[in-house]
Structure formats: structure tokens, C-alpha cells
Amino acid sequence: MNKKVSFFKKTCRCTAVLFIVAVIFTVGVNYNVGHKSEGLIYDTIDSVPHNKVALLLGTSPLNRYGGPNSYFTNRINTAAALFHAGKADYILASGDNHTRQYDEPTAMRDSLIAHGVPADRIILDYAGFRTLDSVVRAKEVFGCDSLTIISQADHCARALYLAQSAGIHAVAVAAPLRAGRAVTMRLALREWLARDKMILDLWTGKKPHFLGEKIEIPDIIPNPITSYSTRDGVSLTIIEPDSLKIPVDSINVEFVNGTDNEIMFGEFYQIERDSAGTWIKIPVNPEYIGCDIIVNAIGYLSLIHI
């Protein structure tokens, strides 16, 4: 009898220790994920920086009762709004397609097209079985060094952590979450456990189920070219050329001063291009220094050299 009591006590102590360790681990993981994603999840489309590709993370279009899944609907609405606002050139719809009857990427594509996103701006990733697969494949297969991730906020935080681990410069836009308190608590617990598994996967070097050959996503040259001025209230419009071509010998622009102040443009000139969210100054040929060949602080939103 005493041996049974002793064994029971040891089992209880071991269970309690494991439980405490698990709780500490989970709290630590979730704090770290939240800290790493701080300031990178946007709630409004207007504030989201431009990225060539937006990664739309998949979920089922139907809920467990067979009705419309609000998670799916809100992600689609957010992705379409992001595209129409000019904040992404392509949408990479990545999801699970393990059977013919369950095809998240195709469902996302069809819904995006219904929301006015052109079919040629939608790229499907049928092997996004998990968030880890979707994020890693975005870089290794589709060549994305920067991304805008689209999902609900908690999921975005986990995806951003994975992106950082994969060497991807990423931000995220949070799709609305509309759920009751009980559902929200259940999903929060599920997300916490998913983050635990993510850390264990990263520690053990977990890889996507499939990689395969690389798929190139072409650059989009805006037409008309979108330009930006660094002075609030001043708009800049490119008059010529109508579309960006290589080589470019001259650029004609028009400034409109929408402020009440007189603005003088200085003697120092530069031209920049946007590369993965960073403005890089393009050097001027020394023989042209001192000539009026380009105007003050033009910023080209383009990935090609001028």
C-alpha cells in the first residue's frame, strides 16, 4: 500500500513540475513572439508600406457548421483592399490543398477575382500546409525577401516571427476578428499552443513538406509612374516618359505647391529608387554635377536601375 502511495505522489510531483515548465515555456514563447512583432502589424490599409508581394495565409472558406467562415471573408476583404490601395503588386495565396475536395488557394483566388483583383496578379501556392510552409516557401520558392502578411492579428504575429527567422523583411496587416468571447478564448489558447509548436519546429530545424523549383514573380512597372515628394503639401507628377524605360535620358516632372508657403527648391539634387522598402540613392555621373539635369528629391517606386 505504501509503495502505491509513494508512486502516486511521485507521479503527481512529476506532473506538477512538467505542467509548471510547460506554462513558463508557453508564457515565454508568447511574450517573445509578441515582442518581435511589435510595431509590425498594421490595423489600417493606409498606413501599410508597399511591398511587391502580399502573402495571404489560407483558411477554409466554410466554418465547421458549413456556413461562411468570417476569418476567410475578412482576410479576402483585407487582401483586396490592400491591392486596390496600391500597397501590393501581387497577392500570393498560400494554403492547404491536400485533397480535391479541400482547396484553400483556389477558393482564395476565386474570391479575390470576385473582389476585382486581376487573375494575373494572384499567385497560388498549393503547398502552404502550415504557416511555416507558407512563409518559408514564399522566400525559397517565390524569391520574396520582403512581404506583407495578411491574416488575423494573433496569426500575423506568429507568421512575422517565422518570417524573421527565415530572413524575410516583413510587415503584416490584421484582418478584422469578429467572434464571441468564448470563441475568442478558444482560438487564443489554440494560437498559444501553435506558437509553442512553432518554436519546437524551429529548434529542430523543421522544413516545409515540399519546396520544388523556384518560381519568378516579375516586377510591375507602374503606368502612370507613381512618384512621391518629400515635402508635405507638394505633389509631384511625372510628365514624361509615359512609362519607365531603359535607358532613361531625361525626366520631365511638374510640382504643385498645395501649401500657403512659398517653396524654393534647392541646388542639391538626387534621385532614389525603392529596393525592398529602402530608398537607395542612385549616384550621378560626375561630369553632370552642377548641371540642371534632375530635380530635387525625386523618389521612384521601382525595382530597376535608372
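1. Let's talk about the layout of surface pockets
And then number 1: There is about 1,200 Å³ of room inside the largest pocket.
And then number 2: Where the lining of the largest pocket is concerned, the elements lending two or more residues are α2 (70–84), α4 (131–140), α5 (153–165) and α6 (181–203).
And then number 3: It is α6 that provides the largest number of residues to the lining of the largest pocket, a total of eleven residues.
And then number 4: By residue class, the composition of the lining of the largest pocket is 17 nonpolar, 14 polar and 13 charged.

2. Remarks on the pairing of strand β5 (residues 146–152)
And then number 1: Burial runs high along β5: seven of the seven residues are buried.
And then number 2: Of the pairings in the sheet, the one linking strand β2 (residues 51–57) to β5 comprises three bridges and is parallel in character. Within the sheet, the bridge partner assigned to Ala54 lies in β5 and is Thr148.
And then number 3: The pairing of β5 with strand β6 (residues 169–175) spans seven bridges and is classified as parallel. Residue pairing in the sheet places Gln152 in a bridge with Ala175 of β6.
And then number 4: Taking the sense of rotation as the criterion, the β-α-β connection linking β5, α5 and β6 turns out right-handed.

3. Considering a nonpolar patch on the surface
And then number 1: A surface patch of nonpolar side chains, about 600 Å² in accessible area, is lined by Phe19, Ile20, Val23, Ile24, Val27 and Trp192.
And then number 2: Top contributing element to the nonpolar patch by residue count: helix α1 (residues 2–36), with five residues.
And then number 3: Residue classification places Val27 among the partly exposed residues on the basis of a relative accessible area of 45%.

4. Looking at the environment of Ala88
And then number 1: Here Ala88 lies in strand β3 (residues 88–94).
And then number 2: Judged by relative accessible area, which is 3%, Ala88 ranks as buried.
And then number 3: Separated by 60 residues in the primary sequence, Ala88 and Thr148 have C-alpha atoms spaced 7.9 Å apart.
And then number 4: Once you skip the residues sitting within four places of it in the chain, Ala88 turns out to touch His50, Asn51, Lys52, Ala54, Leu82 and Phe83.

5. Some words on the sheet that holds β5
And then number 1: Strand order across the open sheet formed by six strands is β1-β6-β5-β2-β3-β4, with parallel pairing between neighbours. Only two strands of the sheet have a single partner each, and these edge strands are β1 (41–42) and β4 (122–125).
And then number 2: Bridge analysis of β3 against β4 gives four bridges, and the strand direction is parallel. Residue pairing in the sheet places Ala93 in a bridge with Leu124 of β4.
And then number 3: Sheet strands in contact with helix α3 (residues 104–114) are β2, β3 and β4, and its direction is about 165 degrees off that of β4.
And then number 4: Packing against the sheet, α5 makes contact with β1, β2, β5 and β6, and its axis sits at approximately 150 degrees to β5.

Cut-offs used in this document
- Residues numbered from 1 in each chain as written.
- Predicted model: local features only at pLDDT ≥ 70, side-chain atom pairs only at ≥ 80, totals over all residues.
- Heavy atoms only, no water.
- 1 Å grid on protein atoms, 1.4 Å probe; cavity = no way out; pocket = protein on both sides within 12 Å on 5 of 7 lines; lining within 4 Å.
- Points joined across faces, edges and corners; volume = space filled by probe spheres on them.
- Helix = DSSP H or I, 4+ residues; strand = E, 2+ residues; numbered from the N terminus.
- Nonpolar A, V, L, I, M, F, W, Y, C, P; charged D, E, K, R; others polar.
- Buried < 20%, exposed > 50% of the residue type's maximum accessible area, 1.4 Å probe, protein only.
- Pairing = 2+ DSSP bridges.
- Right-handed = clockwise from strand over helix to strand, strands pointing away.
- Patch = residues over 30% accessible without salt bridge, like charges linked within 9 Å, V, L, I, M, F, W, Y side chains within 5 Å.
- Areas by Shrake-Rupley, 256 points an atom, 1.4 Å probe, with all protein chains shown as cover.
- Salt bridge = Lys/Arg side-chain N within 4 Å of Asp/Glu carboxyl O.
- Contact = heavy atoms within 4.5 Å.
- Axes fitted to C-alpha atoms, helices over the stretch in contact; angles between N-to-C directions.

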